[in-house]
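These are the residues of each chain, in order.
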Amino acid sequence: TQLLEQSPQFLSIQEGENLTVYCNSSSVFSSLQWYRQEPGEGPVLLVTVVTGGEVKKLKRLTFQFGDARKDSSLHITAAQPGDTGLYLCAGARGQNFVFGPGTRLSVLP
Amino acid sequence: EAQVTQNPRYLITVTGKKLTVTCSQNMNHEYMSWYRQDPGLGLRQIYYSMNVEVTDKGDVPEGYKVSRKEKRNFPLILESPSPNQTSLYFCASSLWVTEENTDTQYFGPGTRLTVL
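Because the structure is a prediction, the values reported are computed rather than measured.

Undergrad: Could you give me a rundown of the overall build of chain B, with the residues and numbers involved?
TA: Across its full length, chain B carries zero helices and eleven strands. Of the regular secondary structure in chain B, the N- to C-terminal order runs β-β-β-β-β-β-β-β-β-β-β. The C-alpha radius of gyration computed for chain B amounts to 13 Å, which stays within 12% of the reference 13 Å derived for 116 residues, consistent with globular compactness. When the backbone C-alpha atoms are referred to their principal axes, chain B occupies close to 40 × 25 × 25 Å. The contacts of chain B with a sequence gap of at least 6 include a subset with a gap of at least 24, amounting to 54%.

If you want it as structure tokens, here you go:
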């Protein structure tokens, strides 16, 4: 049983479209991180959210942490082929990190 | 260049033959961690270390050992590997991790292990 669920599992969209990826859990986390992973490489951190209800923006990416600190979303505006990759959310329980299974995004030109 | 390095990058071995995967970071990070990544399961934490001589179990520690004798190194030891330990392994480090927040985790390039 996954402690962190991500949806959708796979997403294929056209360049210029908007999308939202969700990360859900029944557990409370002290912080939540989003990573992007390219084939053959390790995950790279995009953002860390700490406060319930927090919203962070990184260019065309908007991240939100749920009020109860159990869930999060990643919204991408006007997706580009360079956004293609595996998006992972990770919840922190103190020094222990739990990762979701990932959303594989493909943005077609 | 600030980085986390892992060796080897690829390893094929047989059941029961002890092996060590090394991990080293040059950023003076206190926190280091090992994960395994399997299809459909994401990354699962094996062990982590808050500092030298301080290690703790993650979610899937069975069959693995670690040591942290120096700040920069955090080797992963498989005393008697089995086929279910075939996986992609990542080492990561962070300057600090507290109960309330965490600094950026930097990941190594991964080690693909196959146990026959």
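Undergrad: Just give me the short version of a nonpolar patch on the surface, but keep the residues and values in it.
TA: Residue and element names in this part refer to chain B. Where nonpolar side chains cluster on the molecular surface, the patch consists of I12, V14 and L116 and spans about 320 Å² of accessible area. With respect to the helices and strands, I12 occurs in strand 2 (residues 10–13). A relative accessible area of 63% places I12 in the exposed class.

Undergrad: So what's going on with the layout of surface pockets? Which residues, and what values?
TA: Its volume calculated, the largest pocket comes out at about 560 Å³. Residue lining of the largest pocket: 31 residues in total, with Q37(A), L86(A), R104(A), Q37(B) and L88(B) positioned closest to the centre. Counting residues per element, the ones that place at least two in the lining of the largest pocket are strand 9 (85–93) and strand 11 (103–108) of chain A together with strand 4 (31–38), strand 9 (87–94) and strand 11 (111–115) of chain B. With four residues, the single largest contributor to the lining of the largest pocket is strand 11 of chain B. Looking at the lining of the largest pocket, its residues break down into twelve nonpolar, 13 polar and six charged.

Undergrad: So what's going on with the interface of chain B and chain A? Which residues, and what values?
TA: Across the boundary between the two partners, chain B contributes 26 residues, which contact 24 residues of chain A. With both chains or domains summed, chain B and chain A bury close to 1800 Å², and 50% of this area falls on carbon and sulfur atoms. Viewed at the interface, chain A and chain B are joined by one salt bridge. In this structure, the salt-bridge partner of R93(A) is D59(B), at a minimum N-O distance of 3.1 Å. Counting the contacts that link chain B with chain A gives six residue pairs in polar contact (both at pLDDT 80 or more). Among the elements of the structure, strand 4, strand 5 (42–51) and strand 10 (105–107) of chain B are those that each provide at least two residues to the side of chain B that touches chain A.

Undergrad: Break down the packing of aromatic side chains for me, citing the residues and quoting the values.
TA: Taken as a whole and judged by the stated rule, the model has nine aromatic pairs over all chains. With centroids separated by 5.3 Å and ring planes inclined at 80°, the aromatic side chains of F99(A) and Y35(B) adopt a geometry described as edge-to-face. Taken together, the residues F99(A) in strand 10 (residues 96–99) and Y35(B) in strand 4 connect one chain to another. On the numbers, 5.5 Å between centres and 40° between planes, the contact of Y35(B) with F107(B) is tilted.

So, how was this worked out
- Residues numbered from 1 in each chain as written.
- Chains lettered and ligands numbered in written order.
- Predicted model: local features only at pLDDT ≥ 70, side-chain atom pairs only at ≥ 80, totals over all residues.
- Heavy atoms only, no water.
- Helix = DSSP H or I, 4+ residues; strand = E, 2+ residues; numbered from the N terminus.
- Rg over C-alpha atoms; globule rule 2.2 N^0.38 Å.
- Contact = heavy atoms within 4.5 Å.
- Patch = residues over 30% accessible without salt bridge, like charges linked within 9 Å, V, L, I, M, F, W, Y side chains within 5 Å.
- Areas by Shrake-Rupley, 256 points an atom, 1.4 Å probe, with all protein chains shown as cover.
- Salt bridge = Lys/Arg side-chain N within 4 Å of Asp/Glu carboxyl O.
- Buried < 20%, exposed > 50% of the residue type's maximum accessible area, 1.4 Å probe, protein only.
- 1 Å grid on protein atoms, 1.4 Å probe; cavity = no way out; pocket = protein on both sides within 12 Å on 5 of 7 lines; lining within 4 Å.
- Points joined across faces, edges and corners; volume = space filled by probe spheres on them.
- Nonpolar A, V, L, I, M, F, W, Y, C, P; charged D, E, K, R; others polar.
- Buried area = accessible area lost by both parts, 1.4 Å probe.
- Polar contact = N/O pair within 3.5 Å; in protein donor to acceptor, adjacent residues only side chain to side chain.
- Phe/Tyr/Trp six-rings, centres within 6.5 Å; stacked < 30°, edge-to-face > 60°.

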